[in-house]
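Given next are the chains, with one letter for each unit.
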Amino acid sequence: MTDAPPAKRIRTADSTGNTSIEVLDGPESAGPDSSTFIPISEQAVGIRCFVRDDLPRFTCQLKQLNSDFQVFEVDPQGKIVRLENVPRNEDLLAEQAEHRQVEQKRKQMLETKSFDLESDTAKRLQAALGQRVWTELLTLAGVTPVADSPATVSTEVIDDKETRTLIHKGIREVFGDGLDSTSAKDSTIVVRVKRAGKGRGAQGGGFNARARWEHPGDFCLFTLYKDGRDTMDAVSAVASQLHLTTKAFGFAGTKDRRGCTTQRFTAYRVPATRLANCNRFLDGIRLGDFSYTRKGLTLGDLSGNRFSLVLRHVQGIDEAAIHERFATIRDRGFINYFGLQRFGTSNIGTHEPGILLLRGEYEQAVEMIMTASAGNLRGPAVAAKAHWQNTHDPDATLRLMPSRNVAETSMLKHMVQDMRKRADDSTTTPATITDWHGAYMAIPRNLRTMYLHAYQSFVWNHAVSARIEQFGFTPVEGDLVIDDRTAVGEDGDGNEHVSQYVRARALTKDDLHLHAITDIVLPLPGYDVEYPANETLRKVYVDVMQQHGLDPFDMRRKLKDLSLPGAYRKIVSKPIDLEFSTLHYPPPKLETDAETGRERTIEVQLAATDLDRLEGRTIEVPASEGGTTLLAVKCEFGLDTAAYATMMLREAVDALPRQI
């Protein structure tokens, strides 16, 4: 007889906002043998160095409560995203009715061609265009119709940017959504009638269109606060409530489940009233701060994240040493490693299938993904993977595999469809799995490229460790720094925009004094990057990749997905506006539920969330009943988009808790 698995703990919340952990008796669903599961170590993925290894580090507990780990998105303009306003549905309906009246007047203006041609804006527009173009514009808009109306109207060459901007804005203000103006390469402006159906999903606009969407942009922009749910789970919950697919929503980045996070979302042609109504039904999610925009959010539309963390039960260090350790991180930064999250929670790192894919070994890569077991995997997923290993029957395995295992279910569905098709075409031999490449390509793109990017991260981590071990934290000749080059263009409103592509150059002896260690970058391997001029560092890339049968100078592949251009990453990153403090709090209480007999550990909440603030709750740390207190560290800081909070914390925390 085997020993039963340890009791399970479930975290719940009481009415005071404190969180309890219930200890449940009895075995869990069968899972992998924890005695044989060995998680990936920092050393295994190249994480070896510290900015200062002579200062003491401490042990702590993190994420005991979701409020201990708060993340706030920082938008491209540098504004920290906070949940500011959760409006009542009736207020949104009143606002919508007012907007409908304005929209009705606009429609009437377009239908009757009753434009205000005597306004100051119209007079300025006429003066800027000249009488000829103004007359043609009135004909184009239908104010003075003629038998053979032109399809477009072009202005004279206008070299002055401010004049072009005045014309673009004037046309929008005078003629509403009836006309569309764009800047041409020869510095003229071309004006045409905005037709119905122009643009992605458009269902309105133009003089002859019926307005089915009443808002000033195709996307509703809103803030989403979530507690104890990851981003995709939150998206799925909102989409399910509205009977939509998740494709209707856009967001700039994904956030972890264990924590309270705030980020911006867009929903394509979903009114704020419908979104706000979700607040009545969804647990752990709040939507607010609604507005409308012409452009939906996509991955990467952010400048970073702001963190608010509570590290509990700090031990092995005094308060003076804590302040010295965090002051060092603030002033000198941390090594910008890719954290363990990049490599997954499986016994097989996400970089390992990446190696096989870059070698073109699709069958082996698919097998590795199908057999990898996460350390906390339980129940149906384990049974499905075991069945696959024993039978290689994609149809039966698919019926067992939970839908949340997206990579596995995507590949299995492709295998089933491909085998059925070939079985229908064959009269003699039963179909077997042959299209391993197709199975891999069936994984959603952002997920399948994860394996490749994880391998690039693996190589980069080893390279940065070698760079620091050999040369320390001072720039040396041959180090790389970013050499920005820009190309300036102009959008349809006459505004300049910048297209940027990144190149790197090697430092010479003459410019070493101009740069700090925070300027130095190393490349992620690819076909479009410069490798360090220092031969010792170049050899690190060669040696690491050669172990896997790969060459850093041969990164092009026939398949576009596998052809990696590479990128540059700073070797040292500094937290933005790091603030830290220590506090003392009472130990958790252990209570027994009178009805169930289950033990509950009650932790005191130490940090207010956005929702606490909106609902008027203040967080006060109570005095300890027995006089005994525990030590905690509260810290707030910002990070650039590609930096890992865990890699900053490892500079201070010894044996970083695995769960973060």
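Predicted, not measured: the structure shown is a model, and the values here were computed from it.

Asker: Please set out the overall build of the protein chain residue by residue, giving values where relevant.
Answerer: For the protein chain, the count of helices and strands is 17 helices and 22 strands. By the burial criterion, 47% of the 660 residues in the protein chain qualify as buried. Pairs at least 24 residues apart make up 74% of the contacts formed inside the protein chain by residues separated by at least 6 positions. Counting only carbon and sulfur atoms, one obtains 48% of the accessible surface of the protein chain, whose full area is about 33300 Å².

Asker: Tell me about the pairing of strand β6 (residues 179–183), and please be specific about residues and values.
Answerer: As paired elements, β6 and strand β7 (residues 189–193) share five bridges and run antiparallel to each other. Its bridge partner lying in β7, serine 181 is registered against valine 191. Following β6, the chain reverses through five residues before pairing antiparallel with β7; serine 187 in that reversal takes a positive phi of roughly 70 degrees.

Asker: How would you sum up helix α8 (residues 351–358)? Please name residues and give values.
Answerer: Because each turn of an α-helix spans 3.6 residues, side chains separated by three or four positions in sequence point in the same direction. The element α8 is largely enclosed, with a buried count of seven among its eight residues. Check the buried side of α8 and you find it contacts α9 (362–371), α13 (436–441) and α14 (445–471). Directly beyond the C-terminal end of α8, a positive phi value near 80 degrees is found at glycine 360.

Asker: Help me get a handle on the packing of helix α2 (residues 120–129) against helix α4 (residues 161–175), residues and values and all.
Answerer: Packing of α2 against α4 brings their axes to within 9 Å, and their N-to-C directions diverge by 135 degrees. Judged on the interaxial angle alone, α4 and α2 are oblique. By crossing handedness, the relation of α2 to α4 is classed as left-handed. Contacts from Thr121, Ala122, Arg124, Leu125, Ala128 and Leu129 of α2 reach α4 at Thr163, Leu166, Ile167, Gly170, Ile171, Glu173, Val174 and Phe175. Looking at side-chain class alone, the contact of α2 with α4 contains nine nonpolar, three polar and two charged residues.

Asker: Before we move on, could you go through the confidence of the model for the protein chain and cite the residues and values that matter?
Answerer: Across the protein chain, the average pLDDT comes to 82, with 83% of residues at or above 70. Here residues 197–211 is modelled with pLDDT under 50, and outside its nearest four sequence neighbours on either side it reaches 37 contacts, counting other chains as well. A low-confidence stretch, residues 486–500 (pLDDT under 50), is modelled with 32 contacts involving residues beyond four sequence positions or located in other chains.

Asker: Go over the side chain of glutamate 651, please, and point to the residues and values.
Answerer: Position of glutamate 651 among the secondary structure elements: in the segment after α17 (645–649). Of the side chains with opposite charge, arginine 325 comes closest to the buried, unpaired glutamate 651, at an N-O distance of 4.2 Å. One polar contact links the side chain of glutamate 651 to the main-chain amide nitrogen of valine 51, over a distance of 3.1 Å. With residues up to four places along the chain from it excluded, the contact list for glutamate 651 reads Phe50, Val51, Arg52, Arg57, Arg325, Ile329, Phe334 and Ile335.

Asker: Lay out the pattern of salt bridges with the relevant residues and their values.
Answerer: Across all of its chains, the model carries 27 salt bridges by this definition. With a closest N to O distance of 2.9 Å, arginine 48 and glutamate 469 form a salt bridge. In this pair, arginine 48 is assigned in the loop between β2 (19–24) and β3 (59–62) and glutamate 469 in helix α14, connecting sequence segments 421 residues apart. Note on arginine 48: relative accessible area 29%, which makes it partly exposed. The salt bridge involving lysine 255 is made with glutamate 73; its shortest N-O contact spans 3.2 Å. Here glutamate 73 lies in strand β4 (residues 69–74) and lysine 255 lies in the loop between β9 (249–251) and β10 (260–268), a separation of 182 residues in the sequence.

Asker: Give me the lowdown on the packing of aromatic side chains, citing residues and values where you can.
Answerer: Two aromatic rings are characterised by how far apart their centres lie and by the angle between their planes. Per the counting criterion, the structure on display carries 16 aromatic pairs. Here the aromatic rings of phenylalanine 222 and phenylalanine 290 are separated by 6.1 Å at their centres, their planes lie at 35 degrees, and the arrangement is tilted. With phenylalanine 222 in strand β8 (residues 219–227) and phenylalanine 290 in strand β11 (residues 285–293), this residue pair connects regions lying 68 residues apart in the sequence. Residues phenylalanine 222 and phenylalanine 290 agree in their burial class; the two are buried. On the numbers, 6.3 Å between centres and 70 degrees between planes, the contact of phenylalanine 338 with tyrosine 644 is edge-to-face.

Asker: Residues and numbers for the nonpolar core, please.
Answerer: Counting 100 residues, the largest nonpolar core has Phe58, Leu311, Val314, Phe326, Met415 and Phe637 as the members making the most contacts within it. Sorting elements by how many residues they give to this core places α14 first, with 11 residues. Discounting chain neighbours no more than four positions away, the residues touching phenylalanine 58 are Leu311, Val314, Gln315, Ile317, Ile322, Phe326, Ala652, Val653 and Asp654. Grouped together as the second largest cluster of nonpolar side chains are 23 residues, Cys220, Ala272, Leu275 and Ala276 included.

Asker: Describe the pairing of strand β16 (residues 520–524), naming the residues involved and giving the relevant values.
Answerer: Most of β16 sits inside the fold, with five of its five residues counted as buried. Here four bridges tie β16 to strand β17 (residues 567–570), and the two strands are oriented antiparallel to one another. Counted as the bridge partner of proline 523 is tyrosine 568 from β17.

Reading the values: the criteria
- Residues numbered from 1 in each chain as written.
- Predicted model: local features only at pLDDT ≥ 70, side-chain atom pairs only at ≥ 80, totals over all residues.
- Heavy atoms only, no water.
- Helix = DSSP H or I, 4+ residues; strand = E, 2+ residues; numbered from the N terminus.
- Buried < 20%, exposed > 50% of the residue type's maximum accessible area, 1.4 Å probe, protein only.
- Contact = heavy atoms within 4.5 Å.
- Areas by Shrake-Rupley, 256 points an atom, 1.4 Å probe, with all protein chains shown as cover.
- Pairing = 2+ DSSP bridges.
- Axes fitted to C-alpha atoms, helices over the stretch in contact; angles between N-to-C directions.
- Parallel < 35°, antiparallel > 145°, perpendicular 65-115°, else oblique.
- Left-handed = near helix turned anticlockwise from the far one by under 90°.
- Nonpolar A, V, L, I, M, F, W, Y, C, P; charged D, E, K, R; others polar.
- pLDDT = per-residue confidence, 0-100.
- Lys, Arg positive; Asp, Glu negative; His and termini not counted.
- Salt bridge = Lys/Arg side-chain N within 4 Å of Asp/Glu carboxyl O.
- Polar contact = N/O pair within 3.5 Å; in protein donor to acceptor, adjacent residues only side chain to side chain.
- Phe/Tyr/Trp six-rings, centres within 6.5 Å; stacked < 30°, edge-to-face > 60°.
- Core = buried A, V, L, I, M, F, W, Y, C linked by side-chain atoms within 4.5 Å.

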